[in-house]
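# Survey of secondary and tertiary structure
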Amino acid sequence: MIMPDSVPSPEARSADVAIREVLSIDEYDACMRLQREVFGLPDLEISPRRHLIVSRQAGGWTLAAFTQGRIVGFVHHLAAVRGDEIFGYSHMMAVAADYQNLGVGAKLKWAQRARALAEGRDLIKWTFEPMRGRNAHFNLNRLGVVVSDYAVNFYGTDYVTNPLEKNAGASGMDSDRLFASWHLRSPRVEALAAGREFPSGEPDKAIEIPTDFPALLKSDPDVAKREQLRVREEFLALLSEGFVCRAFDRGAARPKYLFWR
């Protein structure tokens, strides 16, 4: 009797992923296609092959997650300079839909850290959306970033690319972003890299966000916009008072960002 092919477990699929640098034209093109698939952006907003290639010539690089010859995720890293400081800037990361929630994103970020450390860097920065609890948990709790900067409408008007979120009234959202600062040699990041917990103590302040912002954006975009403005005002106020965000509470009732002075 012929047995049907078995479906690999999530653990097996994640373990089968290898991380290495993107070097060929075909691999760069695969990263472009993945941007389109994951983000749903118009071609005008896609980082083209030339951008990825020129970035490498300028000191940056693109790491990709490969499995059976297929790229299922990538992270694009730029070399950044501010004054006398040279650090890394993580422009984007994408993971294919069928490989999300399998730890591929974490593998890419820890590989990015290792590469940056090998180059003598100790800081990587990037942005993420403040209203998305899943991203907040990943960046703050799993990677150990800190947030001390909030950018208002950073990219201009945001696109609503997810079909589940699209609504005639959902257009025109400001592209507010949080700046993540990943201090690669900090005690907390060192602990998380080794799979250990790093207690932070009781927070001084908190900012709540909607439990399911994508659903709110779909069902009531006007309320979603008001919530975005509230979170913006609360973040700007706390950051101006010297508080720093270091963790995220995923509590089902009302998730919240946690701050310390």
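Residues numbered from 1 in each chain as written. Predicted model: local features only at pLDDT ≥ 70, side-chain atom pairs only at ≥ 80, totals over all residues. Heavy atoms only, no water.

Looking at the element boundaries, Val 95 is found in strand β4 (residues 85-95). Setting aside anything within four residues of it in sequence, one finds Val 95 in contact with Val 38, Val 72, Gly 73, Gln 100, Val 104, Gly 105 and Leu 108. (Helix = DSSP H or I, 4+ residues; strand = E, 2+ residues; numbered from the N terminus. Contact = heavy atoms within 4.5 Å.)

Let us look at unusual backbone geometry. Backbone geometry at Asn 101 places phi at a positive 65 degrees, although glycine is not the residue there. Assessed through its relative accessible area of 67%, Asn 101 is described here as exposed. Not every positive phi belongs to a glycine, and Asn 153 is a case in point at roughly 50 degrees. When you line up the elements, Asn 153 lands in the loop between β6 (146-151) and β7 (177-183). Judged by relative accessible area, Asn 153 falls into the partly exposed class, the value being 28%. (Buried < 20%, exposed > 50% of the residue type's maximum accessible area, 1.4 Å probe, protein only.)

Applying the stated criterion to the full structure yields 16 salt bridges. With its nearest N and O atoms 3.3 Å apart, the salt bridge here joins Glu 234 to Arg 230. Of the two residues, Glu 234 and Arg 230 are both situated in helix α8 (residues 221-240); the distance of 4 residues between them amounts to about one turn of the helix. One salt-bridge network, held together by shared partners, links Glu 208, Glu 227, Arg 230, Glu 234 and Arg 254. (Salt bridge = Lys/Arg side-chain N within 4 Å of Asp/Glu carboxyl O.)

Within the structure shown, the criterion is met by 8 aromatic pairs. The interplanar angle of 75 degrees and the centroid separation of 5.1 Å between the aromatic rings of Phe 235 and Tyr 257 together place this pair among those described as edge-to-face. Here the residue Phe 235 occupies a position in helix α8, and Tyr 257 occupies one in strand β10 (residues 256-260), the gap between them amounting to 22 residues. Comparing Phe 235 with Tyr 257 shows no difference in burial state: the two are buried. (Phe/Tyr/Trp six-rings, centres within 6.5 Å; stacked < 30°, edge-to-face > 60°.)

The first and last C-alpha atoms of helix α2 (residues 25-39) sit 21 Å apart over 15 residues, in line with the 21 Å expected at 1.5 Å per residue. Those residues of α2 that sit buried are Glu 27, Tyr 28, Asp 29, Ala 30, Cys 31, Met 32, Leu 34 and Gln 35. Buried residues along α2 sit in contact with β1 (18-21), α3 (49-57), β2 (61-67), β3 (70-82) and β4. Where α2 terminates, the next one or two residues include Gly 40, which has phi positive at roughly 65 degrees. (Expected span 1.5 Å × (residues − 1).)

This part covers the nonpolar core. The biggest cluster of nonpolar side chains holds 35 residues, and the ones touching the most others in it are Trp 126, Phe 128, Leu 140, Trp 182, Phe 235, Tyr 257 and Phe 259. Here this core takes 5 residues from α8, the largest share from any one element. Contacts of Phe 128, omitting those with residues within four sequence positions, involve Asn 135, Ala 136, Asn 139, Val 147, Arg 177, Leu 178, Ala 180 and Tyr 257. With 24 residues, the next largest nonpolar core counts Leu 52, Val 95, Tyr 99 and Val 104 among its residues. (Core = buried A, V, L, I, M, F, W, Y, C linked by side-chain atoms within 4.5 Å.)

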